[in-house]
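Each chain is listed here by its residues.
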Amino acid sequence: MSDLEAIYSKLPENLHDLPQPSSDKELEEMNYRVRHWMSSIPGSIKVGSKEHKQMVAQMFRETFNPYRPTFMDWPKLSTDEINRLKSLPIWDIAVHTEGKARLRMAAYVKELLDPEMADAIARNAWEENRHKEVLADLVKFYDIPLASEPPYEAPKDAEWAYMVTGFSECWDSFFAFGLFAIAEKSGFFSKELVETFEPVMQEECRHILLFANWLAWHRANLSWLQRVRFELKVLAVHGFLIYERLGLIKGVDVNGKEYYEDNNFTINGVSELSSQKTTLKEFLQLCLDENTRRFAGYDRRLLRPKTAPILTKLIIKLLPKKLANKQLT
Ligand SMILES: [Fe+2]
Ligand SMILES: [Fe+2]
């Protein structure tokens, strides 16, 4: 086992010792605990301070959901539902994304000098690995074909790679929250399937909450020269992500075959998940509402990811009427 694999495949606690809810009441309490968290530190908190960092690390530890992927109860689906699942063009990229995320986070953990922040991001890497296991399990259960996986290579610049994953997750999760709500309402997939997948969605909310606070904490602890360099790097990461989203990046799988991946399902997947009419403006508003709802239970003093919601609000205001009312389904 490589040292990075050791980070994302081992939790500080033994997972099997984690208390599993043994009744519906306990399950309900656990679902509440992973979505609601208040720090016991009183008063206002200075961003970048020791208290801020402790609060972030504590939030991440205490909102942990101890579900075990192999215990997930995949519901029996109709042939139609299984075919619909199979036709979603997301499975390859979802598995690859989780595989890359766990490795990039583990690589950054190795560089981090701060033990509390390293602990939080190591847990995040572990959760990404669990997402990969959940997907592998789902794909196997419903017999969804997968392309062979690309080789996962440790990044040369771990901070860069962590930021690429973090900012990507901020955008993808924002749209995925809206898409998930659409899938929930449309009945395209059974309630049981949506419910089984729900913990993964809320986990992504915690991940980007951690990322936004890591970013602010990290920024606040840099000298002005380091800060200038860092902001240039942040700009470059955004440039890279735009380049990636325009579909300009191709990958190579383990057999050396080139492939292109659709990195934009979270933006243009509405028609795949519902037959009900949804306009562009309604979808964007739904993403905003879901984003607010998913973050609502966490301590207000923790920073929230801002870019996607702010830009979306602006787009909603500035969109010409014809485009705003464009049907996505
Ligand atoms: Fe994930
Ligand atoms: Fe994540």
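Refer to the structure presented above.
Remember, it's a predicted structure, so these values are computed and weren't measured experimentally.

Cut-off values and rules
Residues numbered from 1 in each chain as written. Chains lettered and ligands numbered in written order. Predicted model: local features only at pLDDT ≥ 70, side-chain atom pairs only at ≥ 80, totals over all residues. Helix = DSSP H or I, 4+ residues; strand = E, 2+ residues; numbered from the N terminus. Buried ≥ 20, exposed ≤ 12 C-beta atoms within 10 Å, placed from the backbone. Contact = placed C-beta atoms within 7 Å. Axes fitted to C-alpha atoms, helices over the stretch in contact; angles between N-to-C directions. Parallel < 35°, antiparallel > 145°, perpendicular 65-115°, else oblique. Left-handed = near helix turned anticlockwise from the far one by under 90°. Nonpolar A, V, L, I, M, F, W, Y, C, P; charged D, E, K, R; others polar. Core = buried A, V, L, I, M, F, W, Y, C linked by C-beta atoms within 7 Å. Expected span 1.5 Å × (residues − 1). Bend = angle between axes of the 7 residues up to and from the residue.

Undergrad: With reference to specific residues and values, describe the overall build of the protein.
TA: Within the protein, the regular secondary structure consists of 14 helices and two strands. By the burial criterion, 30% of the 329 residues in the protein qualify as buried. Nonlocal contacts in the protein, meaning residues at least 24 apart in sequence, comprise 85% of its contacts between residues at least 6 apart.

Undergrad: Tell me about unusual backbone geometry, and please be specific about residues and values.
TA: With a phi close to 55°, D143 is a non-glycine residue in the positive phi region. As for its placement among the helices and strands, D143 is situated in the loop between α6 (115-141) and α7 (158-186). For D143, a count of 9 C-beta atoms within 10 Å gives the class exposed.

Undergrad: I'd like a rundown of the environment of A101, residues and numbers included.
TA: Mapped onto the fold, A101 is located in helix α5 (residues 91-111). For A101, a count of 26 C-beta atoms within 10 Å corresponds to the buried category. Considering only alpha carbons, one finds A101 and N124, 23 residues apart in sequence, at a separation of 9.1 Å. Beyond its immediate chain neighbours, meaning those up to four positions away, A101 contacts E128 and T165.

Undergrad: Tell me about the packing of α6 against helix α8 (residues 191-220), residues and numbers included.
TA: At a minimum axis distance of 11 Å, the contact between α6 and α8 shows a crossing angle of 150°. Relative to α8, α6 is oriented roughly antiparallel. Between α6 and α8 lies a crossing of left-handed hand. The segment α6 lies against α8, with M117, A120, N124, E127, H131 and V134 engaging V200, E203, H207, L210 and W214. Grouping the constituent residues of the contact of α6 with α8 by class yields six nonpolar, three polar and two charged.

Undergrad: How would you explain the nonpolar core if you had to name every residue and give the values?
TA: Membership of the largest hydrophobic core comes to 55 residues, with the highest contact counts inside it found for V56, M105, A106, V109, I121, A125 and L179. Elements supplying a minimum of two residues to this core: α1 (3-9), α3 (50-62), α5, α6, α7, α8, α11 (270-273) and α12 (280-295). With 16 residues, the top contributor of residues to this core is α7. When residues no more than four places from it in sequence are discounted, the contact partners of V109 are I7, A118, I121, A122 and A125. Residues A94, V134, L135 and V200 belong to the second largest nonpolar core, which totals five residues.

Undergrad: Tell me about the environment of I315, residues and numbers included.
TA: Mapped onto the fold, I315 is located in helix α13 (residues 307-318). Accessibility expressed as a C-beta count within 10 Å gives 14 for I315, which makes it partly exposed. Each C-alpha atom of the pair I315 and L284 lies 8.8 Å from the other, and the pair is 31 residues apart in sequence.

Undergrad: Hey, could you go over the packing of α3 against α6 for me, with residue numbers and the actual values?
TA: Axis separation between α3 and α6 bottoms out at 9 Å; the angle between their running directions is 30°. The pairing of α3 with α6 is recorded here as roughly parallel in orientation. The element α3 and its partner α6 pack so that their crossing is left-handed. Across from K53, Q54, V56, A57, F60 and R61 in α3, the residues of α6 making contact are E116, M117, D119, A120 and R123.

Undergrad: For the environment of M38, give the residues involved together with the corresponding values.
TA: With respect to the helices, strands and loops of the structure, M38 is situated in the loop between α2 (24-35) and α3. On a C-alpha basis, the gap between M38 and D299 in space is 4.8 Å, while along the polypeptide they are 261 residues apart.

Undergrad: If you had to explain α8 to someone new, which residues and values would you point to?
TA: Compared with an ideal rise of 1.5 Å per residue, which puts 30 residues at 44 Å, α8 spans 44 Å between its outermost C-alpha atoms and is within 8% of the ideal. Along α8, the helix axis deviates most sharply at F197, where the bend reaches about 35°; the proline P199 sits within four residues downstream.

Undergrad: An account of α6 is needed here, citing residue identities and associated values.
TA: Under the 1.5 Å per step criterion, the end-to-end length of α6 is 38 Å for 27 residues, consistent within 8% with the ideal 39 Å. Remark: D143 follows α6 within two positions and exhibits a positive phi of approximately 55°.

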